[in-house]
Amino acid sequence: MKVLIALDSSSASGGIINVVQARPWPSGTTFCLVSVVANTTGPFGMNDSSTSESASSATKTASHYLENAMALLKKRVPHAKVFAEVLQGGVVGRIVAKAKELHTDLIVSGHQGCYGLGGQTLGVVAQGVVQRAPCSVAVIKPKRMATVLPNCAHGT
Amino acid sequence: MKVIIEIEDRIYGEAIVNFIATQKWDSGTSFELFHVLDREPTGELISELCCPTAADLIEQEKTAAQELLVEMELKLLKVVPNVATEQKLIYGRPKEKLLEVIEDTKADLLIVGSHGRTGFTRFLLGSVSMAVLSQAPCSVLIVKLPQKANTNSAQQQRTDKETNVPVASATK
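Below you will find a few notes about this structure.

Rules and cut-offs
- Every residue gets a number counted from 1 within its own chain, in the order that chain's sequence is written.
- Lettering for chains starts from A, numbering for ligands starts from 1, and both go in the order in which the items are written.
- The model is predicted, so local features are restricted to residues of pLDDT at least 70 and side-chain atom pairs to those at 80 or more, both for listing and for counting; the totals for chains, interfaces and linings are taken over all residues.
- Hydrogens and waters are ignored; side-chain quantities use all the structure's heavy atoms.
- Each helix corresponds to a stretch of at least 4 residues labelled H or I by DSSP, and each strand to a stretch of at least 2 residues labelled E; elements are numbered beginning at the N terminus.
- Should any heavy atoms of two residues lie within 4.5 Å, those residues are counted as being in contact.
- Residue exposure ignores everything except the shown protein chains as possible cover, and the areas themselves are Shrake-Rupley values with a 1.4 Å probe.
- Here's how the labels work: a residue is buried when its accessible area is under 20% of the maximum for its type, exposed when over 50%, partly exposed in between, all with a 1.4 Å probe on protein chains only.
- Strand pairing is assigned whenever DSSP detects at least two bridges linking the two strands.
- Side-chain rings of Phe, Tyr and Trp (the six-membered ring for Trp) are treated as a pair once their centres are within 6.5 Å; stacked means planes under 30 degrees apart, edge-to-face means over 60, and tilted covers the remaining angles.
- Criterion for a charge above a ring: Arg CZ or Lys NZ at most 6 Å from the ring centre, at most 35 degrees from the ring normal.

1. Remarks on the overall build of chain B
Regarding its fold elements, chain B presents six helices and six strands. For chain B, contacts bridging at least 24 residues in sequence account for 80% of all contacts bridging at least 6. A total accessible area of about 9,300 Å² is found for chain B, and carbon and sulfur atoms account for 52% of it.

Next up, the structure:
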């Protein structure tokens, strides 16, 4: 089974990893962790040194976060194959394209993430992924995490 | 772990059961299957209709829904034999009823089928699914029908300038 897990650097992503690592997974499961760094452009579509620095910094942060998440998942689900990738571009489009490329069976996404609107509203990214995904999608919500994960309800 | 499954029709019911079969489930997991009928076959309604055919149709709809639930429960037990299952037919507006069921049962996970099977509608999630996804207090799994392999490549070429940065890759 191939599972694509969409993460950003928010605390909600820590919750997603907690939920995933607590679930029993069949042997032969492959996890692909992805984080998308949105394209950034300066005024009038121009790129200057500050926008490229900002993109580079965001890529480094995402890469570091994914390394930690990957290490945790490998430790907790030792029979699974795990790899990670930072993608650049439109968040929903890149997640959906990656799922198609890998022929994933499941996408795991947060409810809000950094791109969400907060509160009870479904995040824009989660909504877009659910609408356009080629496969089933699990949207992880934090409220019942304590029930699912009594020992690790407060992040990674 | 308590899992609520909305069985709306046979096609998505089977897709959900097939998806569940690909997963591992703890023996303490319980599955509750629900089908929501949006009108209750009360005596009042039937007498208002004053039409035996309509009453028959309502009764047939109820029977068909009950048979569907039993069929899906049996299929579920076949693929995950060591879990507790229940099934129930409920009446009311699907969105409100599903949210009520989640609250009443303190469910950890809701599984629903996405809707729209071919062409453009394949990209649209049903309004009930979207509303429940947005408002449910628990995690939600939206099961889609398996895609035909040959539709992948044609629709893939959307988008954005792409750059992939591999972080690392490892097995075990």
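After presenting the structure, the write-up continues.
2. Let's talk about the pairing of strand 4 (residues 106–110) of chain A
Residues and elements named next belong to chain A. Of all five residues in strand 4, five are buried; the element is thus mostly enclosed. Burial along strand 4 is two-sided: Leu 106, Val 108 and Gly 110 and Ile 107 and Ser 109, pointing in opposite directions, are all buried. When strand 1 (residues 2–6) meets strand 4, the two strands line up parallel, connected through three bridges. Looking at strand 4, one finds that Val 3 is bridged to Leu 106. Alignment of strand 4 against strand 5 (residues 136–140), held across five bridges, turns out to be parallel. Considered in strand 5, the bridge of Val 108 is made with Ala 138.

3. Some thoughts on the packing of aromatic side chains
Using the criterion set out here, one finds two aromatic pairs over all chains in the structure. Consider the rings of Trp25(A) and Phe31(A), whose centres lie 5.2 Å apart with planes at 90°: the pair is edge-to-face. With centroids separated by 5.1 Å and ring planes inclined at 75°, the aromatic side chains of Trp25(B) and Phe31(B) adopt a geometry described as edge-to-face. Here Arg23(A) stacks its cationic end above the ring of Trp25(A), 5.7 Å away from the centre of that ring. One cation-aromatic arrangement involves Arg23(A) over Trp25(B); the distance from NZ or CZ to the ring centre is 4.4 Å.

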